[in-house]
4 protein chains.
Amino acid sequence: MNSFGHLFRVTTFGESHGPAIGCVIDGCPPGLAIAEQEFRHDLDRRATGKTRHTSQRHEADEVEILSGVYEGTTTGTPIALLIRNTDARSRDYGKIAGQFRPGHADYTYWHKYGIRDPRGGGRSSARETTMRVAAAVIAKKWLAEKHGVAVRGFLSQIGDVTPRSFDWDAVAGNPFFWPDAAQTAELETFMDTLRKSGDSVGARVTVQADNVPPGWGEPVYGKLDAELAAAMMSINAVKGVEIGDGFASVAQHGSVHRDVMSMRGFASNHAGGILGGISTGQPVMCSIAFKPTSSLRLPTQGLDVHGNDVEIVTTGRHDPCVGIRATPICEAMLALVLMDQALRHRAQCGDVGEVTPRVPTETSG
Amino acid sequence: MNSFGHLFRVTTFGESHGPAIGCVIDGCPPGLAIAEQEFRHDLDRRATGKTRHTSQRHEADEVEILSGVYEGTTTGTPIALLIRNTDARSRDYGKIAGQFRPGHADYTYWHKYGIRDPRGGGRSSARETTMRVAAAVIAKKWLAEKHGVAVRGFLSQIGDVTPRSFDWDAVAGNPFFWPDAAQTAELETFMDTLRKSGDSVGARVTVQADNVPPGWGEPVYGKLDAELAAAMMSINAVKGVEIGDGFASVAQHGSVHRDVMSMRGFASNHAGGILGGISTGQPVMCSIAFKPTSSLRLPTQGLDVHGNDVEIVTTGRHDPCVGIRATPICEAMLALVLMDQALRHRAQCGDVGEVTPRVPTETSG
Amino acid sequence: MNSFGHLFRVTTFGESHGPAIGCVIDGCPPGLAIAEQEFRHDLDRRATGKTRHTSQRHEADEVEILSGVYEGTTTGTPIALLIRNTDARSRDYGKIAGQFRPGHADYTYWHKYGIRDPRGGGRSSARETTMRVAAAVIAKKWLAEKHGVAVRGFLSQIGDVTPRSFDWDAVAGNPFFWPDAAQTAELETFMDTLRKSGDSVGARVTVQADNVPPGWGEPVYGKLDAELAAAMMSINAVKGVEIGDGFASVAQHGSVHRDVMSMRGFASNHAGGILGGISTGQPVMCSIAFKPTSSLRLPTQGLDVHGNDVEIVTTGRHDPCVGIRATPICEAMLALVLMDQALRHRAQCGDVGEVTPRVPTETSG
Amino acid sequence: MNSFGHLFRVTTFGESHGPAIGCVIDGCPPGLAIAEQEFRHDLDRRATGKTRHTSQRHEADEVEILSGVYEGTTTGTPIALLIRNTDARSRDYGKIAGQFRPGHADYTYWHKYGIRDPRGGGRSSARETTMRVAAAVIAKKWLAEKHGVAVRGFLSQIGDVTPRSFDWDAVAGNPFFWPDAAQTAELETFMDTLRKSGDSVGARVTVQADNVPPGWGEPVYGKLDAELAAAMMSINAVKGVEIGDGFASVAQHGSVHRDVMSMRGFASNHAGGILGGISTGQPVMCSIAFKPTSSLRLPTQGLDVHGNDVEIVTTGRHDPCVGIRATPICEAMLALVLMDQALRHRAQCGDVGEVTPRVPTETSG
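My aim in this report is to walk through the structure given alongside it, one point at a time. (Residues numbered from 1 in each chain as written. Chains lettered and ligands numbered in written order. Predicted model: local features only at pLDDT ≥ 70, side-chain atom pairs only at ≥ 80, totals over all residues. Heavy atoms only, no water.)

**As for the side chain of serine 156 of chain C**
Residues and elements named next belong to chain C. Among the structural elements, serine 156 can be located in strand 9 (residues 150-158). The exposure class of serine 156 is buried, given its relative accessible area of 11%. A polar side-chain atom of serine 156 sits 2.9 Å from a polar atom in the side chain of threonine 206. Contact partners of serine 156, with chain neighbours within four places excluded, come to Val161, Thr162, Pro163, Trp178, Arg204, Val205 and Thr206. (Helix = DSSP H or I, 4+ residues; strand = E, 2+ residues; numbered from the N terminus. Buried < 20%, exposed > 50% of the residue type's maximum accessible area, 1.4 Å probe, protein only. Polar contact = N/O pair within 3.5 Å; in protein donor to acceptor, adjacent residues only side chain to side chain. Contact = heavy atoms within 4.5 Å.)

**A closer look at the environment of methionine 285 of chain B**
Residues and elements named next belong to chain B. You can see methionine 285 is positioned in strand 16 (residues 284-290). Sequence-wise, methionine 285 and aspartate 259 are 26 residues apart; in three dimensions their C-alpha atoms are separated by 14 Å. Ignoring anything within four residues of it in the chain, the contact list for methionine 285 reads Thr206, Val207, Gln208, Glu242, Ile243, Gly244, Asn269 and Gly272.

**Overview of the interface of chain D and chain A**
Interfaces are often sized by the accessible area lost when the parts come together. Contact residues are listed per partner, giving 37 residues for chain D and 37 residues for chain A. Interface area for chain D against chain A, summed over the two sides, is near 2800 Å², with a carbon-plus-sulfur share of 62%. If you sort the residues of chain D by the area they bury against chain A, Leu66, Tyr70 and Ile115 of chain D come out on top, with a joint share of 20%. For the interface between chain D and chain A, the tally reads two salt bridges. Close ionic contact of arginine 84 of chain D with glutamate 64 of chain A constitutes a salt bridge, the shortest N to O distance being 2.8 Å. The tally of links from chain D across to chain A stands at 10 residue pairs in polar contact (both at pLDDT 80 or more). Those elements giving two or more residues to the side of chain D that touches chain A turn out to be strand 2 (9-14), strand 3 (20-26), strand 4 (64-65), strand 6 (73-74), strand 7 (79-84) and helix 2 (106-113) of chain D. (Buried area = accessible area lost by both parts, 1.4 Å probe. Salt bridge = Lys/Arg side-chain N within 4 Å of Asp/Glu carboxyl O.)

**Thoughts on the packing of helix 3 (residues 129-147) of chain A against helix 8 (residues 327-349) of chain A**
All names here are of chain A. Where helix 3 contacts helix 8, the two axes come as close as 8 Å, and the packing angle between them is 50 degrees. Compared by their axis directions, helix 3 and helix 8 come out oblique. The interaxial crossing formed by helix 3 with helix 8 has left-handed handedness. Residues Thr129, Arg132, Val133, Ala135, Ala136, Ala139, Lys140, Trp142 and Leu143 of helix 3 touch helix 8, and the partners they reach there are Pro328, Ile329, Glu331, Ala332, Met333, Ala335, Leu336, Leu338, Met339, Ala342, Leu343 and Arg346. Of the residues that constitute the contact of helix 3 with helix 8, the class distribution is 16 nonpolar, one polar and four charged. (Axes fitted to C-alpha atoms, helices over the stretch in contact; angles between N-to-C directions. Parallel < 35°, antiparallel > 145°, perpendicular 65-115°, else oblique. Left-handed = near helix turned anticlockwise from the far one by under 90°. Nonpolar A, V, L, I, M, F, W, Y, C, P; charged D, E, K, R; others polar.)

**Describing the relation of the copies chain D and chain A**
With an axial shift of 0.0 Å and an RMSD of 0.0 Å, the rotation relating chain D to chain A amounts to 180 degrees. Such values leave the two copies arranged in the relation of a two-fold axis. A share of 100% of interface residues in chain D that are also interface residues in chain A marks the association as one of identical surfaces. (Least-squares fit on C-alpha atoms with pLDDT ≥ 70 in both.)

**Considering unusual backbone geometry**
Negative phi is the rule for most residues except glycine; trans is the rule for most peptide bonds. All names here are of chain A. The backbone of phenylalanine 177 shows a phi angle near 55 degrees, a positive value even though the residue is not glycine. Along the polypeptide, phenylalanine 177 turns up in the loop between helix 4 (168-171) and helix 5 (184-197). The class for phenylalanine 177 is buried, based on a relative accessible area of 9%.

**Some thoughts on the relation of the copies chain A and chain B**
Taken as rigid bodies, chain A and chain B are interconverted by a rotation of 180 degrees and an axial shift of 0.0 Å, the fit giving an RMSD of 0.0 Å. An overlap of 100% is found between the interface residues of chain A and their copies at the interface of chain B, pointing to a shared contact surface.

**A look at the environment of glycine 98 of chain D**
Residue and element names in this part refer to chain D. Here glycine 98 lies in the loop between strand 7 and strand 8 (99-100). It is 5.5 Å that separates the C-alpha atoms of glycine 98 and valine 305, two residues lying 207 residues apart in sequence. When sequence neighbours within four positions are dropped, the list of residues in contact with glycine 98 reads Arg116, Asp304 and Val305.

**Section: the pattern of salt bridges**
All names here are of chain C. In this structure the tally under the stated criterion is 104 salt bridges over all chains. Here arginine 45 makes a salt bridge to aspartate 42, at a shortest N to O gap of 3.0 Å. Of this pair, arginine 45 and aspartate 42 both sit in helix 1 (residues 40-46), three residues apart, which is roughly one turn of the helix. Here arginine 45 falls in the partly exposed class, since its relative accessible area comes to 24%. Judged by its relative accessible area of 8%, aspartate 42 is buried.

**Brief notes about the side chain of serine 125 of chain C**
Looking at the element boundaries, serine 125 of chain C is found in the loop between helix 2 (106-113) and helix 3 (129-147). Not counting residues up to four positions away in its chain, the partners in contact with serine 125 of chain C are Ser16, Gly120 and Asn236 of chain C.

**Focus on the environment of glutamine 301 of chain A**
Tracing the backbone through its elements, the reader meets glutamine 301 of chain A in strand 17 (residues 300-304). Using a relative accessible area of 32% as the deciding quantity, one classes glutamine 301 of chain A as partly exposed. Note: C-alpha distance between glutamine 301 of chain A and arginine 101 of chain A (200 residues apart in sequence) is 8.8 Å. Once residues lying within four places of it in the same chain are set aside, the contact partners of glutamine 301 of chain A are Pro102, Asp309, Val310 and Ile312 of chain A together with Val260, Met261, Ser262 and Arg264 of chain B.

**What to know about the interface of chain A and chain B**
Contact residues are listed per partner, giving 114 residues for chain A and 115 residues for chain B. Looking only at chain A, the three residues that lose the most surface to chain B are Lys112, Tyr221 and Arg258 of chain A, adding up to 11% of its buried area. On inspection of chain A and its partner chain B, the count reaches two salt bridges. The shortest N-O distance in the salt bridge between arginine 264 of chain A and aspartate 309 of chain B comes to 3.5 Å. Applying the counting criterion to the chain A and chain B interface returns 41 residue pairs in polar contact (both at pLDDT 80 or more). The element that contributes the greatest number of residues to the side of chain A that touches chain B is helix 2 (residues 106-113) of chain A, accounting for seven residues. Alignment of strand 11 (residues 238-243) of chain A against strand 11 (residues 238-243) of chain B, held across three bridges, turns out to be antiparallel. Considered in strand 11 of chain B, the bridge of glutamate 242 of chain A is made with glycine 240 of chain B. (Pairing = 2+ DSSP bridges.)

**Details of the nonpolar core**
Counting 328 residues, the largest nonpolar core has Met232 of chain A, Met232 of chain B, Met232 of chain C together with Met232 of chain D as its most contacted members. Beyond its immediate stretch of four places on either side in the chain, methionine 232 of chain C contacts Val207, Val238, Val241, Cys286, Ile288, Cys330, Met333 and Leu334 of chain C. (Core = buried A, V, L, I, M, F, W, Y, C linked by side-chain atoms within 4.5 Å.)

**Section: the packing of aromatic side chains**
How two aromatic rings sit relative to each other is set out by the distance from centre to centre and by the angle between their planes. Under the definition given, this model contains 34 aromatic pairs over all chains. Aromatic pair phenylalanine 166 of chain B and tryptophan 168 of chain B: ring centres 5.3 Å apart, planes at 85 degrees, arrangement edge-to-face. On the basis of relative accessible area, tryptophan 168 of chain B is assigned to the partly exposed category, the value being 21%. With a centroid separation of 5.5 Å and an interplanar angle of 50 degrees, the aromatic rings of tyrosine 221 of chain C and phenylalanine 4 of chain D are classed as tilted. (Phe/Tyr/Trp six-rings, centres within 6.5 Å; stacked < 30°, edge-to-face > 60°.)

**Comments concerning the sheet that holds strand 17 (residues 300-304) of chain C**
All names here are of chain C. Spatial strand order, 8-17-18: three strands in an open sheet with antiparallel pairing. Looking at strand neighbours, the two that pair on one side only are strand 8 (99-100) and strand 18 (309-312), the edges of this open sheet. Across four bridges, the pairing between strand 17 and strand 18 is antiparallel. Within the sheet, the bridge partner assigned to glycine 302 lies in strand 18 and is valine 310.

Geometric descriptors of this kind do not, in isolation, establish any biological role.
Written out as structure tokens, the structure reads:
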């Protein structure tokens, strides 16, 4: 199950410290212009080593298009993308080959497969998400060109810090994807203190898709929100997913939660743009909880593969808050889900005529 | 996409007020004893009309086994289950055929399909979940017999009320699946007040699976937690899913969150029994947020299918808190996910020998 | 794997002598008018007991639509069809419960599942094909309405008898789906002699789809011909499948086989309407080999479930040539494959504009 | 649909004259030793340019393992294999970019996608089958090690020439995979004459798997023979597939065709080792018809992309009989189908105990 999506189907491969990582995208519509340099922007956004607040691994992340694109245009055949690993320092990981780090997949892979690649977490490394971001570059472009869909996101909480104000324009201007520019210095200090302490914290990311037409998604098990939940929970370190108001809905009354529709539009968007598993035309909203990374300089108790107690100290290059780089990854998964649902909707309902009325979305948000 | 699961595959069909609902279960291992009366217990637990706090629709929910069982034993061929609808009062819904109720799937189905069955919500009705519970009876039995896996759940919040104490034995003793018997009267009053107000509230359900062996689940897109997230989010009215500590992880430090392993077992279970998408052997823990039902006696503004503003009043039989009956449904989805992953694990890793050490789970919880 | 198709997905269930057989059709486009009586025609064409040349089992085969159709129109939700078994004489099969009939699935089911339903072949009975024919009624109707596609077939060989002339209009006028009306008496005599001998023969069926637009099918593993091959080989008793000239291509020269295109159209159709796995716009042609039925009155050696040699005599109601009733079944599988590919094509390539030139098909055939 | 298999899932990518071809194998059991040099043998067997009777394209076909193998052993994570294209002479194909060659996929790709990669047939080139052969090296090894399954094949007809005697040992000793060593000179002359004529012929390949245990395969749509049919028909230029006696069954009597079982084994194997879609324990037998290649030096009429009549002359490097190199490809598809079914069988029926009696296979063949 290293594939994602039914019709726009992404299969990824590769280990953190193997020769390369890559993906195959099957089912992409033909006729879309795509060039290798278009992957640069989003890959840079998720890259490590760009600031002192993230892991200092430096990967060039040069994407090579191996197939499926002819003279700059998709042909409808599978698009293979390849990135060679260049900064894989396997010596960092030798000492943990015989140990199970707490909070990591070491122990579970060992029990599942009877073997594991210990170099940098092997397949369980977040490096795999690079290919999700790469694949989603294609999805984002198609969604934007064909439907005007725009996917974006921000960091909505780090530890116990939340934004004091909100400005989409601020998000790209700081290394945290933070929507309040005035808090940048505070976050820098917060992260510096955290890094020095050897500990880590969790984070929350919020992503949003605008201009999704009403009607995408499928009833019952193929619900748009169900697939978003799976998509987000499949990202490393994610422990929770919310659509719209999410867990806040528990304490709400129905008279508040239900989003009233009128000729002037939806009065609110508690639902996060999805009803009955199908998009309403309002912004699709999703929040994701990231746990604090488990790779700490702080020593801890652990086990070795022979069943003995050992002291575990992690010395590799790690993020004190994995959520900081997660915004482009969450955006990518949102784009991949929407892309797949767009094609599935066209398959079954491509000849459903325009149904009136379509509620305006201007007043919602 | 009315199918769930890859190898233990459940396909459901049926509308709330159509002739029948049913499911086909493909991929069930042969040799499992199963009888029609075994569906009774869990179907009764989720049934409407059992207390004054849930919808007063009265369905007998008699399961007929149409195939796949020979002389009381599964044969490995598809098991079809059928329940006839007997208390479908379509007259209750006639007036809303031309309207879009806020917070319901009316509007989105209309835009997706250009047609909808307005009787009782049609396919978007929670009645569909009856078949999930029925299918999961088989999964639960196989998981218990082959692996000793036990699946159970409780209501962990309703509106802003949370349990003051916790006792698994209390859960079956009240109509709310509530773990604190001392609060029953309080909840009765809460619900009576709510019902009289014409409004509704949300709820939170927590489900748990014990004795899941380490190694179930798959890396990347087939993660056990990713499939749980999709499974839970596919239930009607769900807006959020958490694994283990879920959103509380955001504010935690890694030194707290990472569950230390030693020869005496795991010291904690913040992870909810899953690391890297694969079970650890600890209890698998999942919490689910249900929104307040949108069917209220309180009038509201809405639209009709011609685009005109109308006043919407819902007069049918509805639950003031859909979460109350949701515990068996969430248990069912947990069981279905585990069943499917158990078979998938056996397929790929059926010849992986026992790997030492297996961390004891006694001290965790 | 009791499901067929990716987007127009048919899941069948039921045993020959169980309470019922049925299917669930997921992914049907909404807005198609369908009524229970529309299943009558094709079900009658495949039915047993209509002539003395086929099994004398008499089933009413009344289709009940359980879901997915509202006021006579498909809604896009799963369509469940149910047929109750009414003429299941289990007493006929009691004696063979402990034996493996040669040429039947008794032995293989026993080894796979460790259990089998011996009544009438259980799941391995050709009765399952009833639901393929039923599901294909919907596919045929959609294909005809949306694309003008017409699916038809005939018996092209029985034993060593082949048609001496060809006339589509003759096919419906005899119980053999035979294209040469002048041979009807000859075939009657052939079958009467065969039936009296207690033996059986094989047959060949040829099916054809006209007006399939160029472009349906997918490269590599989703080839239109690959899916046709699987579809046909999944029918009981099929041992071979050919597309276009099939095995005759082995001895052909390329200068003969390649179908020359010009502005006046294709000069021939050796390819059977498919090149590179994708339809050319010419008639899609497929031939299918059916083995002689293995249920004979002639005694034979066999084994019982304890491993002892026994004499096997089959006394139930059986067809001396299963191929006679197979034409509607092969048509059904052709229609199901085309329907699924039509939706898949629309999903990926729904915005590919009309590409000139489209070669006329008038001169081909 | 560039993926094959459900649990042992192979996804291929790459165009004939693009930068590379490759595949991702998902679901491989862990713990299997595999090295890059093990791909050499089968890739050489299918390679072009080895004799004067096949296309003179010379590819090194060096396989690079990009992932899923750690220290020489499979880890259970996806195995990516990559082969760089080194002898892609695009100048050979420039002139046909604007034309549709008869018998090729040019016209159908054009209509499906509105764009095509004309270099060497692009995705529709038989070069794609290289990766099937590579992936099957892993499947063959696992099948042999775990179950003793042996997969092999031979050329059973070329044009109108058939073997006069049969000897498995002869197959590897000539460039035709021909089972009668005495005919080698005859075939050399046949091919030389054919090549000089500028024309081509078809061929028939027969493949066989020994030691397949009874019980592999699934009823109805997942039949072992149905999946073999799809697998073989998905190979370029295939027009027909037979299981066991195939089309010869049409003229057989049931008293001949049904393979009698006794305590001494099966008396014959007309069924080709499959009954009811499930393996019997006898050799699984499959024959495949290849059409004559359509790329001829003989000029022919054709169309250009503007709809005008043109003369088509193909000058590239092509096989006068594509079937000659097809034996390893057919073996590969047989191995991939068996591998996938082996895992699926273990998933559902892994705890079915040994069922007596198992019919000896010694006397069959």
